[in-house]
Amino acid sequence: SQKIEQNSEALNIQEGKTATLTCNYTNYSPAYLQWYRQDPGRGPVFLLLIRENEKEKRKERLKVTFDTTLKQSLFHITASQPADSATYLCALDEDNFNKFYFGSGTKLNVKP
Amino acid sequence: DAGVIQSPRHEVTEMGQEVTLRCKPISGHDYLFWYRQTMMRGLELLIYFNNNVPIDDSGMPEDRFSAKMPNASFSTLKIQPSEPRDSAVYFCASSLMKQPQHFGDGTRLSIL
C-alpha cells in the first residue's frame, strides 16, 4: 500500500543551524511534491513545490531536494530562527496534481 | 485578500446529533478539498470538487458523511449521525488547477 513517512519525533536544533527534514515514500510515483508549514491551531501553509524532473528548488532560506530513485525528499532551512518552529508536512500528488496525500509531519523546535 | 473561510471554528455536540461544517473558498478557485486531521491518522483527504462537481469521494469514511457544493463560493460537510470517533479537526482547502492548495484554519469538532 502507499505510504509517506516523516520522522514523528520532534527535531530540536539551535538557532542559526541548518534544519533538515526528511520525507520518504513507497508505492508512489509522484509528479509533484510539496512542503507545507503548520502552526498550532492553524491550517497548513504552502511553502515550496518541486517537480519530478527537478533535483532541487530554493526559496530564500528554504531548499528542497527530490530524489525519485531513493523515493525521498529533503527539506532544509538554513540559518534557522525560533520563528521557524512549527510542524512541516510533505505532500505527494496522485492523479496529476488533482489529489494529494500528506505525511504526518515533523515538528521542528528551534531554540534561541 | 480573504483566504479560505471555515465556520464554525469550534463545535461541541453530543453523539447522534447532526453536524454541518461550512467552507467559503477563495474567489476564482476551481478546486475545493475537505480534509480531516487527527493525531493518529494525520491529514486525510475526504473528498474534492472541481467546478462544484464531486470528483473523488473515496476518502469519505462512511455513509454518515456527505458533502455538497451548491455553488462556487460555498461548500458543506455534513455528519449525520455523529459519533465520538468523528472528533477531529476538519480542514477545507481550495486551489486553482495545478496550483498549491490554500487551507482554512479548520473546524475543531468534538463529539461527546
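Criteria and thresholds
Residues numbered from 1 in each chain as written. Chains lettered and ligands numbered in written order. Predicted model: local features only at pLDDT ≥ 70, side-chain atom pairs only at ≥ 80, totals over all residues. Heavy atoms only, no water. Helix = DSSP H or I, 4+ residues; strand = E, 2+ residues; numbered from the N terminus. Buried < 20%, exposed > 50% of the residue type's maximum accessible area, 1.4 Å probe, protein only. Contact = heavy atoms within 4.5 Å. Pairing = 2+ DSSP bridges. Axes fitted to C-alpha atoms, helices over the stretch in contact; angles between N-to-C directions. Disulfide = S-S within 2.5 Å. Buried area = accessible area lost by both parts, 1.4 Å probe. Salt bridge = Lys/Arg side-chain N within 4 Å of Asp/Glu carboxyl O. Polar contact = N/O pair within 3.5 Å; in protein donor to acceptor, adjacent residues only side chain to side chain. Nonpolar A, V, L, I, M, F, W, Y, C, P; charged D, E, K, R; others polar.

Undergrad: Looking at this structure, I do not really get the overall build of chain B. What am I missing?
TA: Along the backbone of chain B there are zero helices and 11 strands. Reading chain B from its N terminus to its C terminus gives the helix and strand order β-β-β-β-β-β-β-β-β-β-β. With the C-alpha coordinates of chain B rotated into their principal frame, the extents come out at 35 × 25 × 25 Å. Within chain B, the fraction of its 112 residues that count as buried is 48%. Relative to all contacts within chain B whose residues are 6 or more apart in sequence, the contacts with residues 24 or more apart total 53%.

Undergrad: Is there a simple way to explain the pairing of strand 11 (residues 106-111) of chain A in this structure?
TA: Regular strands show a simple pattern: their side chains alternate between the two faces of the sheet. Residue and element names in this part refer to chain A. Pairing between strand 2 (residues 11-14) and strand 11: four bridges, direction parallel. If you follow Gln-14 over to strand 11, its bridge partner there is Lys-111. Judged from the three bridges that link them, strand 9 (residues 86-94) and strand 11 form a sheet pairing that is antiparallel. Within strand 11, the position partnered with Ala-86 by the bridge is Leu-108.

Undergrad: Looking at this structure, how should I read the sheet that holds strand 7 (residues 65-71) of chain B?
TA: Across a sheet, strands are paired by hydrogen bonds formed along the backbone, either parallel or antiparallel in direction. All names here are of chain B. Pairing is antiparallel in the open sheet, where four strands are placed in the order 1-3-8-7. At either margin of the open sheet sits one strand with a lone partner, and together these are strand 1 (5-7) and strand 7. If you compare each strand with its neighbour and ignore which way they point, the axes differ by 15° on average. Two elements, strand 3 (residues 19-24) and strand 8 (residues 74-79), share five bridges in a ladder whose sense is antiparallel.

Undergrad: I keep staring at the state of the cysteines and nothing clicks. Help me out?
TA: Disulfide: a covalent bond formed between the sulfur atoms of two cysteine residues. All names here are of chain A. For the structure shown, the criterion picks out two disulfides over all chains. The disulfide bridge from Cys-23 ends at Cys-90, spanning 2.0 Å between sulfur atoms. With the S-S bond torsion at 65°, the cross-link from Cys-23 to Cys-90 turns out right-handed. One end of the pair, Cys-23, is in strand 3 (residues 19-26); the other, Cys-90, is in strand 9, with 67 residues separating them in the sequence. For the pair Cys-23 and Cys-90, a shared accessibility class is recorded, and that class is buried.

Undergrad: Explain the interface of chain A and chain B here, please?
TA: Interfaces are often sized by the accessible area lost when the parts come together. The partner chain B presents 19 residues to the 17 residues of chain A that form the contact. Of the roughly 1,600 Å² buried where chain A meets chain B, counting both sides, 50% is carbon and sulfur surface. Here chain A is connected to chain B by one salt bridge. Where chain A meets chain B, there are five residue pairs in polar contact (both at pLDDT 80 or more). Sorting the residues of the side of chain A that touches chain B by element identifies strand 4 (32-38), strand 5 (45-51) and strand 10 (99-102) of chain A as the ones contributing at least two each. Considering only residue class, the side of chain A that touches chain B consists of eight nonpolar, six polar and three charged.

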